[in-house]
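Structural characterization, general
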Amino acid sequence: MYDTKQIRYIDPLQDLGKGLLQVEKPSRYVGGEYGCLAKIEADLRLLIAFPDLYEIGMSNQALRILYNRLNQLAGVSCDRAFAPAPDFEQLLRSQGIPLYGLDTGISLADLDLLLFTLGYELGITGVLTMLDAAGIPLRASARTETHPIVIMGGPCVSNPLPYAPFIDAFWIGEAEGGFFNLVQALLGLKKAGYGRAALLERLCAHPSVWTQGKNRAKRAVDRAFSFREAAAAVFPVPNMKVVQHHGAVEIMRGCPHGCRFCHAGYWYRPMRQKSAEAVHAEVAACITQGGYREISLTSLSSGDYQYLDHLVDALHTAYGPDHVSFQLPSLRVSTFSLPLLEKIAAVRKSGLTFAVETPVDAWQFSINKEVSQDTVVAIVQEAKKRGWRGAKFYFMIGLPLENPQVPEAQEEVEIVNFILEIARRTGMHFTINVGTFVPKPHTPYQWAAQMDEATARTKLDYIRSILKPRGHKVGMQDPFISVLEGLISRGDEQVGDLIEEAYRSGCRLDAWNEHIRQDIWRGLFEAHPALIQEIQRPKSPDLPLPWHGIEMGMASNHLKKELFQSETGTCTPPCKEKCTNPCGICDKDTGIIKNTIHDDTVFHPKAPSKTQEGPTWRILFAFTKQGKAIFHSHLALVEIFTMAMTRAGIPVLYSQGFNPQPKLEIAAPLSVGISAEAEIAAMDTRSFFSAQAFKHALSTQLPEGITLGKTMHILIPWGAKKRSLASLLWGYSYQAQKGNIDSVKAGDEQKYRLCREGDFWGLQRRAVWAKGLKDPQSPESYFTVYRELYGI
């Protein structure tokens, strides 16, 4: 029997109650998603914490990998939590409730291990918010045996110094490179009765763990990435639309190109590609287990995946008929293929994106990239012939481009000229996004100066002033954000002190324009000018940097060599198996691995689904919305049912056109916070599917709080009028807690809600009524009305 007496669990409905209706998007904080894996009974309790809002964190691939892999370990439970928005943080504090895990409700303060993944430097105030909201001391030095061990991983910890005051230990590198084995070792210690101190000592002894006082830590690399059995990180499935609401299959890790500004390109070396068979299996899991109809094939440079055309052909043949679409979010211009994009866009049209970075050829060579204007023009002209009407361009200002081949040139002028010339030659308008370069650790530009805010703002204003009046859309990253990012990226423990001061002064969610407190940060900058200037100025390649104790596995002089290549405008060829420019990453155990499968028959593509001709098959069904599900919005509910039907294998009928949608209708929206006893919905199918089979298949695929009630199959003859649920709506029956049942006509619902003065807590919609066919003023059951309509 597991002892849970000393552990606090939070039930948000019971402990926060109607207070949840006072916060924006309360579904962020209640859990209950389909596919929750964490369990209350476990020997070692972990939680993966993402220091940003739910809709950002649930889009993060690292979080999904950690959550799914850790919950596969016997004796281990790994819950999830996300940074609270300010309104929810205030609610927690006012009620004396600690931040908790969404799966089990466990208080973060009662965990054994609290794991943060940090993918963006500005997320650090989210880390402090989560620690503070959980009642965990911000400073690692203030924690005792009663507190969890706080661990941080992710690409940002390639320089752990700014975060070191707050974190007990850092995992350096890829979790698959040893972290899961380490967790099993910690589990063994915990089961043997050892406490926090022993677990932390074992943790810090690992060669890929860095902590204050430890001189060296070596980056962990997943050597089995290309050989591991397919295992898509699907669960849990969000109950609300998240920023990247699609399945994600990582087809390749690392990148063969050494773009000198790119931290990820160096940090995730070497390039490793999954087999096409593994990709196909993970795609299938995203669809059949997750319910996704949009799948991203992710990597740093998807066009370098060997036999990509064959892979996309096979996937589209297998899943395109079921309205599943695929995205390739990272295509380099040098690997661009319009025929490939047309295959990708066959279900949903995708956009054209060009990451040019800098517009002059000689500058391109300096950053180790080749995106010539003529190449872009040729692609855009051909794209225009094939139906594309626009494209997006990405540029950076502030790159270290002291290239003698292009003296006195102004980058902002060159960016404008580049776009105007392409527009002249193609007759198209574009979307342009421009950011300010931020030097990153473990890249050839880690020694470079960073452009100051005033200079960057002047350049950005110039670009906008010229291009926007000419019909182009121009987006700019605030240069102040770039300065702050650079401060944290290359800072040391002094920056950690600054971060804490900013947090205690009110900084939260700094990655969000609507939340960042620039006034607080500017005040701190003014109070510490020497620190800001020191981090922004160029560094000497001969002096140690704050992160010199983090070994990424690269030869010590390689980055210096690449810096010299940049200064002379010399390109370095991409990585390949027989390397002519070794960086030191590859050895007898680690190296470049490519997909070798190009035979399409391995995928056993199925026949295309037939479009509907003749009668309409419709399933009418009732469902409840109780417990945690009362916080789902109407649009979220539509998505929940759509994905559940995909998982259930129900042959849903889709609309035609640019972006096919399932023919699902819910009779009437229901306000967030109101429970429901018998909501009404209908789904059209592309072939006969019995009501009994529908209920049986769908019932197991729904999240907590939604259950199916009565179902009925309807055959609408060819040529007969298809009556929508909305056209038949009469009204509703509502009941307050222990109150009378009120009948409310559809047109009077708003008035009824106003009478309740917004207090919906405990209110239940008991029924949704249709208009009677004989007397439209009389409410009838939808099931009765449909029977009469179609002679069932």
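Scroll up to find the structure this text is about.
Cut-offs and rules
Residues numbered from 1 in each chain as written. Predicted model: local features only at pLDDT ≥ 70, side-chain atom pairs only at ≥ 80, totals over all residues. Heavy atoms only, no water. Helix = DSSP H or I, 4+ residues; strand = E, 2+ residues; numbered from the N terminus. Contact = heavy atoms within 4.5 Å. Areas by Shrake-Rupley, 256 points an atom, 1.4 Å probe, with all protein chains shown as cover. Lys, Arg positive; Asp, Glu negative; His and termini not counted. Charge placed at Lys NZ, Arg CZ, Asp CG, Glu CD. Buried < 20%, exposed > 50% of the residue type's maximum accessible area, 1.4 Å probe, protein only. Polar contact = N/O pair within 3.5 Å; in protein donor to acceptor, adjacent residues only side chain to side chain. Phe/Tyr/Trp six-rings, centres within 6.5 Å; stacked < 30°, edge-to-face > 60°. Lys NZ or Arg CZ within 6 Å of the ring centre and 35° of its normal. Pairing = 2+ DSSP bridges. Axes fitted to C-alpha atoms, helices over the stretch in contact; angles between N-to-C directions. Expected span 1.5 Å × (residues − 1). Arc of directions from axis to C-beta.

We now examine the overall build of the protein chain. Across its full length, the protein chain holds 25 helices and 25 strands. Principal-axis analysis of the C-alpha atoms places the extent of the protein chain at approximately 90 × 65 × 50 Å. Partitioning the contacts of the protein chain with sequence separation of at least 6, the portion at a separation of at least 24 is 78%. For the protein chain, the computed accessible surface area is about 32200 Å², with 51% contributed by carbon and sulfur atoms. Taking the 85 positively charged and 83 negatively charged side chains of the protein chain as two groups, their mean positions are separated by 5 Å.

Bringing the environment of isoleucine 397 into the picture now. Assignment of secondary structure puts isoleucine 397 in strand β14 (residues 391-397). Overall, the relative accessible area of 0% leaves isoleucine 397 in the buried class. Between the C-alpha atoms of isoleucine 397 and isoleucine 499, which are 102 residues apart in sequence, the distance is 26 Å.

With respect to the helices, strands and loops of the structure, glutamine 364 is situated in helix α12 (residues 361-366). Reaching out from glutamine 364, the side chain makes a polar contact with the backbone nitrogen of valine 371 at a distance of 3.0 Å. Apart from residues lying up to four places away in sequence, glutamine 364 is in contact with Val356, Thr358, Lys369, Glu370 and Val371.

The full count for this structure, using the stated rule, is 23 aromatic pairs. Where tyrosine 34 meets phenylalanine 235, the ring centres are 6.1 Å apart and the plane angle is 70°; that geometry is what we call edge-to-face. Residue tyrosine 34 is located in the loop between α1 (12-15) and β1 (44-50), and its partner phenylalanine 235 is located in the loop between β7 (217-218) and β8 (247-250); the two are separated by 201 residues in the primary sequence. Considered together, tyrosine 34 and phenylalanine 235 belong to a single accessibility category, that of buried residues. Members of the aromatic cluster, connected to one another through ring pairs, are Phe354, Phe393, Phe395, Phe418 and Phe430. The cationic tip of arginine 80 hangs over the ring face of tyrosine 67; the distance from NZ or CZ to the ring centre is 5.7 Å.

As a further point, take the sheet that holds strand β12 (residues 325-327). Judged by pairing direction, the sheet is parallel, and its three strands sit side by side in the order β8-β11-β12 without closing on themselves. Each edge of the open sheet is held by one strand with a lone partner, namely β8 and β12. Strand-to-strand twist in this sheet, taken as the mean axis angle between neighbours without regard to direction, amounts to 25°. In this structure, strand β11 (residues 294-298) lies alongside β12, joined through three bridges in parallel fashion. Among the inter-strand pairings, isoleucine 295 is bridged to a residue of β12, identified as phenylalanine 326.

Let us look at helix α14 (residues 411-426). An ideal rise of 1.5 Å per residue puts 22 Å on 16 residues; α14 measures up with 23 Å between its terminal C-alpha atoms. Along α14, the positions that sit buried rather than exposed are Glu411, Glu412, Ile415, Val416, Phe418, Ile419, Ile422, Ala423 and Thr426. In a view along the axis of α14, the buried residues occupy a sector of 155°, so they form one face of it. Summarising the contacts, the buried residues of α14 are in contact with β13 (353-357), α12, α13 (373-385), β14, β15 (430-436) and α15 (453-467). Glycine 427 occupies a position one or two residues after α14 and carries a positive phi of about 70°.

The next point concerns the pairing of strand β2 (residues 76-82). When you tally the buried positions in β2, you get seven out of seven residues, the bulk of the element. Burial of β2 is two-sided: the residues Val76, Cys78, Arg80 and Phe82 facing one way and the residues Ser77, Asp79 and Ala81 facing the other way are all buried. Note: β1 against β2, seven bridges, orientation parallel. Across the sheet, residue alanine 49 finds its bridge partner in β2, namely alanine 81.

So, about the sheet that holds β2. Judged by pairing direction, the sheet is mixed, and its six strands sit side by side in the order β2-β1-β3-β4-β5-β6 without closing on themselves. Each edge of the sheet is formed by a strand with only one pairing partner; in this case those strands are β2 and β6 (209-210). This element, helix α3 (residues 61-70), spans β1, β2 and β3 (113-117) of the sheet and lies at about 155° to β2. Docked against the sheet, helix α7 (residues 196-204) engages β1, β4 (149-153), β5 (169-171) and β6, running at close to 25° with respect to β4.

Function cannot be read off these values alone, since they describe shape.
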